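Coordinate inspection notes
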Amino acid sequence: IAGITQAPTSQILAAGRRMTLRCTQDMRHNAMYWYRQDLGLGLRLIHYSNTAGTTGKGEVPDGYSVSRANTDDFPLTLASAVPSQTSVYFCASSAKTGAGELFFGEGSRLTVL
Amino acid sequence: QKEVEQDPGPLSVPEGAIVSLNCTYSNSAFQYFMWYRQYSRKGPELLMYTYSSGNKEDGRFTAQVDKSSKYISLFIRDSQPSDSATYLCAMSAGGSNYKLTFGKGTLLTVNP
C-alpha cells in the first residue's frame, strides 16, 4: 500500500538552483495539495489542485509553481531556490474537494544553502 | 487574531493520564473539524473527523466541538507512550475552494 510517494526524502541545494519535488498518489484522488511545515509556523498551504488540469494558489505560493497533467502526479518546482525555502514539504491528497480527509506523504526535507 | 490558535506545549504526562488538547478558532464558517497525529519525521495522519458540533468517540480518543464557543478539544484516555506525537487540529468551511486550516500543533510526550 503506497498511498502518497514523495521524492526526494531529503535534499541539500545551493541557492539559485532549480528543484522539483515529486509527488505521486495511487488512490485516484481528485484533489492534491502541497504544504510546507516550519517550526513555530505549522503547516501552510502552498498550492493545490482540485482536479487534473487545474491548480490554485494557497497561503504561501510565491517562489513555487505546480502542474497537474494527470490525476496521479503533482510536482512542486522551486525555480530559483532561496534559503527561506528551507523547510519540510508535504504532499497530500483527498478524495473529495470539499472537506475530505487529507492523506499525507512522508515529507521531503529541503535545505537551501 | 489568528484563524486557528493551538497551544504548542510541550505537554508531558505520565502513562495512564487523561490528556486534553484544545484549539480555538475565529471563522464561524468552519464546519469540518479534524485532529491529525504526526510522529517525528513522519507525515500527519488523520485521527478524528467531526462535522459541525457534538462529540465523537473512537476507542481512547474523544473529539468535542463547541461551535458556539468556537472551541474544539481532543481527549485521550489512558494515555500510552505510543501516543507521544504532535497533535494538529485542522478545520474547514468546506466548499469547492477547499482550504484546510491547521493549528500549529501541540507536542505531547507520555512518559512510561
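Below is a summary of the structure that appears in this document. (Residues numbered from 1 in each chain as written. Chains lettered and ligands numbered in written order. Predicted model: local features only at pLDDT ≥ 70, side-chain atom pairs only at ≥ 80, totals over all residues. Heavy atoms only, no water.)

Here's the deal with the interface of chain B and chain A
Quick reminder of the rule: In this description, contact between two residues means that some pair of their heavy atoms is separated by no more than 4.5 Å. Joining two parts hides part of their accessible area as seen by a 1.4 Å probe, and the buried area is that hidden amount summed over both. Counted as salt bridges are all cases of a side-chain nitrogen of Lys or Arg within 4 Å of a carboxyl oxygen of Asp or Glu. Think of a polar contact as two N or O atoms within 3.5 Å of one another; within protein, one of them needs to be a possible hydrogen donor and the other a possible acceptor, and neighboring residues in sequence only count if both atoms come from side chains. Numbering of helices and strands runs from the N terminus, with a helix taken as a DSSP run of H or I at least four residues long and a strand as a DSSP run of E at least two residues long. When residues are grouped by polarity, Ala, Val, Leu, Ile, Met, Phe, Trp, Tyr, Cys and Pro land in nonpolar, Asp, Glu, Lys and Arg in charged, and all others, Gly among them, in polar.
Across the contact, 21 residues belong to chain B and 21 residues belong to chain A. Interface of chain B and chain A: buried area, both sides summed, is about 1,700 Å²; carbon and sulfur atoms make up 53% of it. Between Glu106 of chain A and Lys42 of chain B there is a salt bridge, and its shortest N-O distance comes to 3.2 Å. Between chain B and chain A we count four residue pairs in polar contact (both at pLDDT 80 or more) in total. Listed by contribution, the elements that provide at least two residues to the side of chain B that touches chain A are strand E4 (32-38), strand E5 (45-51) and strand E9 (85-92) of chain B. In terms of residues, the side of chain B that touches chain A owes the most to one element, E4 of chain B, which gives four residues. A per-class count over the side of chain B that touches chain A returns ten nonpolar, seven polar and four charged.

Quick look at the nonpolar core
This is how the line gets drawn: Here, nonpolar core refers to any group of buried Ala, Val, Leu, Ile, Met, Phe, Trp, Tyr and Cys residues whose side-chain atoms link them within 4.5 Å. Whether a residue is buried, partly exposed or exposed follows from its accessible area with a 1.4 Å probe, protein chains only, as a fraction of its type maximum: under 20%, in between, or over 50%, in that order.
One finds Trp35, Ile72, Leu74, Tyr87 and Met91 of chain B to be the most contacted residues of the largest nonpolar core, which totals 24 residues. Those elements that place two or more of their residues in this core are strand E3 (19-25), E4, E5, strand E7 (61-66), strand E8 (71-76), E9 and strand E11 (106-111) of chain B.

Thoughts on the pattern of salt bridges
Applying the stated rule across the entire model yields seven salt bridges over all chains. For Arg36 of chain A, the salt bridge goes to Asp38 of chain A, with nearest N and O atoms at 2.8 Å. A relative accessible area of 9% places Arg36 of chain A in the buried class. The salt bridge involving Glu45 of chain B is made with Arg37 of chain B; its shortest N-O contact spans 3.3 Å. Connected via shared salt-bridge partners are Arg36, Asp38 and Arg44 of chain A.

Concerning the environment of Asn22 of chain B
Among the structural elements, Asn22 of chain B can be located in strand E3. Engagement of the side chain of Asn22 of chain B in a polar contact is seen with the side chain of Ser20 of chain B, the distance being 3.4 Å.

Focus: the side chain of Ser49 of chain A
Residues and elements named next belong to chain A. By secondary structure assignment, the location of Ser49 is in strand E5 (residues 42-49). Ser49 sits in the buried class, given a relative accessible area of 0%. Residues in contact with Ser49, not counting those within four places in the same chain, are Asn30, Ala31, Met32, Thr54, Thr55, Arg68 and Phe74.

What about the sheet that holds strand E8 (residues 76-78) of chain A?
Residues and elements named next belong to chain A. Stated formally: Being paired, for any two strands, means DSSP has found at least two bridges between them. Geometry is summarised by axes, namely lines fitted to C-alpha atoms with helices restricted to the contacting stretch, and by angles between N-to-C directions that run from 0 to 180 degrees.
With antiparallel pairing, the four strands of this open sheet are ordered in space as E1-E3-E8-E7. Only two strands of the sheet have a single partner each, and these edge strands are strand E1 (4-7) and strand E7 (64-66). Neighbour-to-neighbour, the strand axes of this sheet turn through a mean angle of 20 degrees, independent of strand direction. Sheet topology places E7 next to E8; three bridges connect them, and they run antiparallel. By the bridge assignment for E8, Ser65 is matched with Thr77.

Digging into the pairing of E1 of chain A
All names here are of chain A. Burial along E1 is one-sided: Ile4 and Gln6 are buried, while Thr5 and Ala7, pointing the other way, are not. Both E1 and strand E3 (residues 19-25) contribute to a ladder of four bridges, which runs antiparallel. Paired with Ile4 across the strands is Gln25, a residue of E3.

Some details on the environment of Ser108 of chain A
Residues and elements named next belong to chain A. Following the sequence through the fold, Ser108 ends up in strand E11 (residues 108-112). Residues Ser108 and Arg28 lie 80 residues apart in sequence; the distance between their C-alpha atoms is 22 Å. Setting aside its immediate chain neighbours within four residues, Ser108 contacts Gln6, Ala7, Pro8, Thr9, Leu21, Ser87, Val88 and Tyr89. Polar side-chain contacts of Ser108 include one of 3.4 Å to the side chain of Gln6.

Focus on the state of the cysteines
Definition in use: Note that a disulfide, as used here, is simply two cysteine sulfur atoms within 2.5 Å.
Under the defined criterion, the tally for this structure stands at two disulfides over all chains. A sulfur-sulfur separation of 1.9 Å characterises the disulfide bridge that pairs Cys23 of chain A with Cys91 of chain A. Disulfide Cys23 of chain A to Cys91 of chain A: torsion about the S-S bond roughly -70 degrees, handedness left-handed. Of this pair, Cys23 of chain A sits in strand E3 while Cys91 of chain A is found in strand E9 (residues 87-94), placing the two residues 68 residues apart along the sequence. Using a relative accessible area of 0% as the deciding quantity, one classes Cys91 of chain A as buried. Shown here is the disulfide that connects Cys23 of chain B with Cys89 of chain B, its sulfur atoms set 2.0 Å apart. The sign of the -100 degrees torsion about the S-S bond sets the Cys23 of chain B-Cys89 of chain B disulfide as left-handed. Taken together, the residues span a long stretch of sequence, with Cys23 of chain B in strand E3 and Cys89 of chain B in strand E9 at a distance of 66 residues. For the residue pair Cys23 of chain B and Cys89 of chain B, the accessibility class agrees, reading buried in each case.

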